[in-house]
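# Structural features, examined
The chain contents come next:
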Amino acid sequence: SLGYSSISNDEELVSEYLAHFLTGAPDTKPFDTWIEDRFLTRLYASTQMLAAQGDMERWFSLMDDPEACQALKERVSLEFVKSNPSRFDSDSAVSLELDIKNIASLTVKIFEINALTYYLAQQRELDPGIDLDGLAPTWQRTLEYSEPPLRRVRRRFDFPELSGPGLFVLEFIGGGISSRAVIAKGKLDLLEGRDEAGPTFKVIDEKGQLRLDASIWLGGREFKAASNGLIRLPFTINSTTAQAVVQSGLSVSLCSFIHSDETYHLRMGFHVERESLIRQREAQVILRPTLYLTGYAVPIDLLEEASLTISATDIDGIPSPQEIPRLALSDQRELAVPFRVPERLASLQFQVRGRVKAVSTSRNTEVSAQSQLQLNGIDSTQRTSSLHLARTSSGYVLYHLGKTGEPLADTQLTLSLRHRQLSNPLDAPLRTDSR
């Protein structure tokens, strides 16, 4: 990657690619097939001139523009190579490459920034345009060069002084211009979790190692890690994207995360065996609970005063609710709750309700989960029988049964088959046998 963020005009990008391939090349082939001749010729000539390759008189002739040649000669450039890294590991050596032209004296300065103070005050990454007036460099040197003004030279600068983690600004000054680079050594990241008390974090470095001495600064407060490296933060009132300053020794990083509010959600699995729903008999509803806190499962023991409401509605639409208080819900096992099946049942509605005390507000939060079961739908119609498809070892079998499940033999039926790939249905007359 050349380091460009977005390209609205591709001339700079194309020129840089072409300059790479044209330096020292005998001619402009094969690029002359695709690129306008005058643009390519002038770029070819200027590239050779900057690299001090070949006959200078030839390049001046190809440029065919004395003013452009003079401007190229007088131009002062101090540019970072775009492939330079912007972040280094804590123990990595720091080296940068710059393209330098028409600079006889170059001053290099290193400024060490107090990363913790800066991040706490600014809540943003360090910008190269930071005001360094009044700040003394921690290291400085001046280099002298003797290359002719027209020649551009790529130089490598090593900084053994930056041997440990930290945040630094490197400033290069020469020829009346200045170029800066921000160097961040040592990167810290957050591993996020959650429990009933709030969000939890562990801090790892750029090598994935857990940092047991880490701390997180949030809202002006410092939250230190426990002996196992776990850092606990409180819930917020309203969910938001938070900027946290993460520190471990001399390594300091700015990290963002979703600081969640304390939102509870109850999810309940309901199961009833339909075959057990016989009028005036006892059936059971099986409950399997899960309590979630902002998307993470937490112990169901946090749910207080859990109750189950069973509302049985008959075919006339008349409900008969029944409430069962003090449910003994558990995360390790399902709970079977018995109930009596009424006459002329058409539907069953189940609802489990309870409350959870929020840590952040000390207020109770109501949660609930519900499910509905429709049955005996045939009782609301004039029909007295129905078809039931079953799969057997011999294939599929279609049963014609009465309302009580009795087989209806020797009845004439017309079966209409539809397929998603066919436009017309297939009608077939059938007769049930007596088996």
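Check the entry above for the structure.
Report follows, based on the coordinates. (Residues numbered from 1 in each chain as written. Predicted model: local features only at pLDDT ≥ 70, side-chain atom pairs only at ≥ 80, totals over all residues. Heavy atoms only, no water.)

A separate point is unusual backbone geometry. Along the chain, K29 connects to P30 via a cis peptide bond; the corresponding omega equals 0°. On the secondary structure map, P30 appears in the loop between helix 1 (11–22) and helix 2 (37–51). In this structure, D64 is a non-glycine residue whose phi angle is positive, near 50°. Assignment of secondary structure puts D64 in the loop between helix 3 (56–63) and helix 4 (66–74). Positioned with a positive phi, N102 is a non-glycine residue whose angle comes to about 60°. Along the chain, N102 turns up in the loop between strand 3 (94–101) and strand 4 (105–113). Taking relative accessible area as the criterion, N102 reaches 27% and is therefore assigned partly exposed. (Helix = DSSP H or I, 4+ residues; strand = E, 2+ residues; numbered from the N terminus. Buried < 20%, exposed > 50% of the residue type's maximum accessible area, 1.4 Å probe, protein only.)

Time to look at the packing of helix 2 against helix 3. Remark: helix 2 packs on helix 3, axes separated minimally by 8 Å, with the N-to-C direction vectors making an angle of 150°. Between helix 2 and helix 3, the interaxial angle falls into the category roughly antiparallel. When you trace helix 2 past helix 3, the crossing you get is left-handed. On helix 3, the residues touching T41, R42, Y44, A45, S46, Q48 and M49 of helix 2 are M56, R58, W59, F60, L62 and M63. A class-by-class count of the residues in the contact of helix 2 with helix 3 yields eight nonpolar, three polar and two charged. (Axes fitted to C-alpha atoms, helices over the stretch in contact; angles between N-to-C directions. Parallel < 35°, antiparallel > 145°, perpendicular 65-115°, else oblique. Left-handed = near helix turned anticlockwise from the far one by under 90°. Contact = heavy atoms within 4.5 Å. Nonpolar A, V, L, I, M, F, W, Y, C, P; charged D, E, K, R; others polar.)

The N-to-C vectors of helix 1 and helix 2 enclose an angle of 55°; their axes lie 10 Å apart at closest approach. Put simply, helix 1 runs oblique to helix 2. In the packing of helix 1 onto helix 2, the handedness of the crossing is right-handed. Judged by residue contacts, E11, S15, L18, A19 and L22 of helix 1 engage F39, L40, L43, Y44, T47 and Q48 from helix 2. When the residues that make up the contact of helix 1 with helix 2 are grouped by side-chain class, the tally is seven nonpolar, three polar and one charged.

Bringing the pairing of strand 14 (residues 240–248) into the picture now. Moving residue by residue along a regular strand, the side chains alternate between the two faces of the sheet. One ladder, built from three bridges, connects strand 11 (residues 215–218) with strand 14; its direction is antiparallel. Its bridge partner lying in strand 14, S215 is registered against Q247. Of the pairings in the sheet, the one linking strand 14 to strand 15 (residues 251–259) comprises nine bridges and is antiparallel in character. Note that in strand 15 the partner of T240 across the bridge is H259. Here strand 14 folds back onto strand 15 in antiparallel fashion, the turn holding two residues, of which G249 has a positive phi close to 65°. (Pairing = 2+ DSSP bridges.)

The analysis is restricted to geometry; functional conclusions fall outside its scope.
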